Amino acid sequence: ATLMFLLVIVGWIFAYAHLNHVYFELSNHFSSLAESVEKQDWDRAVKQLSMIDEQWKKAEKRFNLFINHEGIHDVELSLARTKHYIRKKELALSLAEIEVLKQLIYMLKEDESLAISNIF
């Protein structure tokens, strides 16, 4: 029982470290994307969003093992909306949805953190 408990804790530590790394990378990319949208550099924004989408798809495959699937689906829906808004060159909607993505990624990270509220 003790060995199993230790394995769970060690597994969680590695999973959270990976999630934290992805969170910071995506947050930086979202900020960069928001800058491109604010400048209305739509071609650059499309390229950045494509890179973000690629990075998310790689991370999402690993996240499916240990993260609430509802949170993952929320990020995917928000990404889909962001792609549409950027393709349509909707400045305000694009910026708003990028902020939603930032918050959703943050919430994924926080939901997996070691905190009393997550244990009980």
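My aim in this report is to walk through the structure given alongside it, one point at a time. (Residues numbered from 1 in each chain as written. Predicted model: local features only at pLDDT ≥ 70, side-chain atom pairs only at ≥ 80, totals over all residues. Heavy atoms only, no water.)

**Focus on the side chain of Gln 48**
Phase 1: Checked against the element boundaries, Gln 48 lands in helix H2 (residues 42-63).
Phase 2: Residue classification places Gln 48 among the buried residues on the basis of a relative accessible area of 10%.
Phase 3: Apart from residues no more than four positions distant in its own chain, Gln 48 is found in contact with Ser 32, Leu 33 and Ser 36. (Helix = DSSP H or I, 4+ residues; strand = E, 2+ residues; numbered from the N terminus. Buried < 20%, exposed > 50% of the residue type's maximum accessible area, 1.4 Å probe, protein only. Contact = heavy atoms within 4.5 Å.)

**Comments concerning a nonpolar patch on the surface**
Phase 1: A cluster of nonpolar side chains, contributed by Leu 3, Met 4, Leu 7 and Val 8, occupies part of the molecular surface with about 440 Å² of accessible area.
Phase 2: Checked against the element boundaries, Leu 7 lands in helix H1 (residues 2-38).
Phase 3: Judged by relative accessible area, Leu 7 falls into the exposed class, the value being 52%. (Patch = residues over 30% accessible without salt bridge, like charges linked within 9 Å, V, L, I, M, F, W, Y side chains within 5 Å. Areas by Shrake-Rupley, 256 points an atom, 1.4 Å probe, with all protein chains shown as cover. Salt bridge = Lys/Arg side-chain N within 4 Å of Asp/Glu carboxyl O.)

**Some details on the pattern of salt bridges**
Phase 1: By the definition in use, this model includes five salt bridges.
Phase 2: Between Asp 53 and Lys 57 there is a salt bridge; the shortest N-O distance is 3.2 Å. Remark: Lys 57 and Asp 53 occur in helix H2; sequence separation between them is four residues, near one turn of the helix.
Phase 3: Judged by its relative accessible area of 12%, Asp 53 is buried.

**Focus: unusual backbone geometry**
Phase 1: Positive phi is not limited to glycine here, since Gln 40 has a value of about 55 degrees.
Phase 2: Assessed through its relative accessible area of 47%, Gln 40 is described here as partly exposed.
Phase 3: Even without a glycine there, the phi angle at Lys 89 is positive, about 60 degrees.
Phase 4: Secondary-structure assignment places Lys 89 in the loop between helix H3 (69-87) and helix H4 (91-111).
Phase 5: A relative accessible area of 52% means that Lys 89 is categorised as exposed.

**Here's the deal with H4**
Phase 1: Under the 1.5 Å per step criterion, the end-to-end length of H4 is 30 Å for 21 residues, consistent within 8% with the ideal 30 Å.
Phase 2: Along H4, the positions that sit buried rather than exposed are Ser 94, Glu 97, Ile 98, Leu 101, Leu 104, Ile 105, Leu 108 and Lys 109. Mapping the buried residues of H4 onto a view down its axis gives an arc of 135 degrees, with all of them on the same face.
Phase 3: Tucked inside the fold, the buried residues of H4 contact H1, H2 and H3. (Expected span 1.5 Å × (residues − 1). Arc of directions from axis to C-beta.)

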